[in-house]
Amino acid sequence: VLKMSAATPPPPPPPPPPPHVPPAAESSGQQLPWASPVVDIRRGQAVFKKHCSQCHTARPEGRGSLLGPNLWGVMGTNSGSNMKAWGGSFARLESAFLIWTEPNMLAFLERPKEIIPFRRGDTSCMNFRGMDREADRLDLLGFLKTLVVAP
């Protein structure tokens with residue numbers, strides 16, 4: 001007499017990768033672009049000055065007098081939290097339910113309107129069209145990651 005053992009259910013599937021990370025890159029063990037050792041922080045600061053400083057500041061204190069919030073410490077925060085603290089229109093950013101992680105920030109820097117779509121009647125002025133050059137995005141991300149309070 002053959003005994004049939006009860007089949008054990010298959011293990012649950014792995015959790016999905018964070019948004020905007022190509023699944024093949026995550027599972028293949030290949031180095032992800034934001035982990036690259038060739039990021040140039042000084043160049044990232046220049047990219048910030050060229051693309052971001054018309055509207056944003058990057059200082060440890062103060063909100064600045066520009067059109068957008070201070071981006072000091074933006075990495076790791078919820079989208080819209082800096083805008084809320086700054087006193088601007090934050091509903092569109094907040095409703096995206098993003099955390100500014102490396103992959104989310106890179107995706108936003110490349111195609112902002114795909115990450116946080118425009119809403120009719122929105123009074124935030126975010127008219128940033130995105131950055132075509134991957135090196136610019138990576139260097140800017142490297143710079144943004146330095147904008148933290150030292151322990």
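Residues numbered from 1 in each chain as written. Predicted model: local features only at pLDDT ≥ 70, side-chain atom pairs only at ≥ 80, totals over all residues. Heavy atoms only, no water.

## As for the packing of aromatic side chains
Counted according to the given criterion, the structure contains 3 aromatic pairs. Aromatic side chains F48 and F143 sit 5.5 Å apart centroid to centroid with 55° between the ring planes, which places their arrangement in the tilted category. You can see F48 sitting in helix α2 (residues 41-51) and its partner F143 sitting in helix α7 (residues 134-146), a full 95 residues away along the chain. Each of the two residues, F48 as well as F143, counts as buried. Aromatic side chains W100 and F108 sit 5.2 Å apart centroid to centroid with 65° between the ring planes, which places their arrangement in the edge-to-face category. Like F108, W100 is buried. Linked through ring pairs, W100, F108 and F128 together constitute an aromatic cluster. (Phe/Tyr/Trp six-rings, centres within 6.5 Å; stacked < 30°, edge-to-face > 60°. Helix = DSSP H or I, 4+ residues; strand = E, 2+ residues; numbered from the N terminus. Buried < 20%, exposed > 50% of the residue type's maximum accessible area, 1.4 Å probe, protein only.)

## Topic: the confidence of the model for the protein chain
In this model, the protein chain carries an average pLDDT of 75, and 62% of its residues clear a pLDDT of 70 or more. Here residues 14-31 is a poorly scored stretch, pLDDT under 50, and it has 17 contacts once near neighbours within four places are set aside; other chains count. (pLDDT = per-residue confidence, 0-100. Contact = heavy atoms within 4.5 Å.)

## Some points on the pattern of salt bridges
One pass over the full model with this rule turns up 7 salt bridges. R43 is the partner of D136 in a salt bridge, and the nearest nitrogen-oxygen pair spans 2.3 Å. Of the two residues, D136 is situated in helix α7 and R43 in helix α2; the sequence distance between them amounts to 93 residues. The class of R43 is partly exposed, set by a relative accessible area of 27%. Taking the shortest distance from any N to any O, the salt bridge between R133 and D136 comes out at 3.6 Å. For R133, a relative accessible area of 48% gives the class partly exposed. Assessed through its relative accessible area of 10%, D136 is described here as buried. (Salt bridge = Lys/Arg side-chain N within 4 Å of Asp/Glu carboxyl O.)

## Side note on the nonpolar core
Counting 23 residues, the largest nonpolar core has F48, V74, W100, M105, I116, L140 and L144 as the members making the most contacts within it. For this core, the elements supplying multiple residues, two or more each, are α2, α5 (102-110) and α7. Setting aside residues up to four positions removed in sequence, L140 forms contacts with G44, V47, F48, C52, L109 and M131. (Core = buried A, V, L, I, M, F, W, Y, C linked by side-chain atoms within 4.5 Å.)

## Quick look at α2
Residues of α2 that are buried: G44, V47 and F48. Seen from one end, α2 has its buried residues packed into an arc of 105°, which puts them on one side. Exposed residues on α2 whose side chains face more than 90 degrees from its buried face are R42, K49 and K50. The elements touched by buried residues of α2 are α7. (Arc of directions from axis to C-beta.)

## Digging into the state of the cysteines
This model, assessed by the stated rule, comprises 0 disulfides. C52 takes part in no disulfide bond, and the closest cysteine sulfur, belonging to C55, lies 8.9 Å away. For C52, a relative accessible area of 12% gives the class buried. (Disulfide = S-S within 2.5 Å.)

## Side note on the packing of α2 against α7
Two elements in contact, α2 and α7, have axes whose closest approach is 7 Å; the angle formed by their N-to-C orientations is 100°. Classified by the angle their axes make, α2 and α7 are roughly perpendicular. Residues I41, R43, G44, Q45, V47, F48 and H51 of α2 pack against A135, D136, D139, L140, G142, F143, L144 and T146 of α7. When grouped by side-chain class, the residues that make up the contact of α2 with α7 number 7 nonpolar, 5 polar and 3 charged. (Axes fitted to C-alpha atoms, helices over the stretch in contact; angles between N-to-C directions. Parallel < 35°, antiparallel > 145°, perpendicular 65-115°, else oblique. Nonpolar A, V, L, I, M, F, W, Y, C, P; charged D, E, K, R; others polar.)

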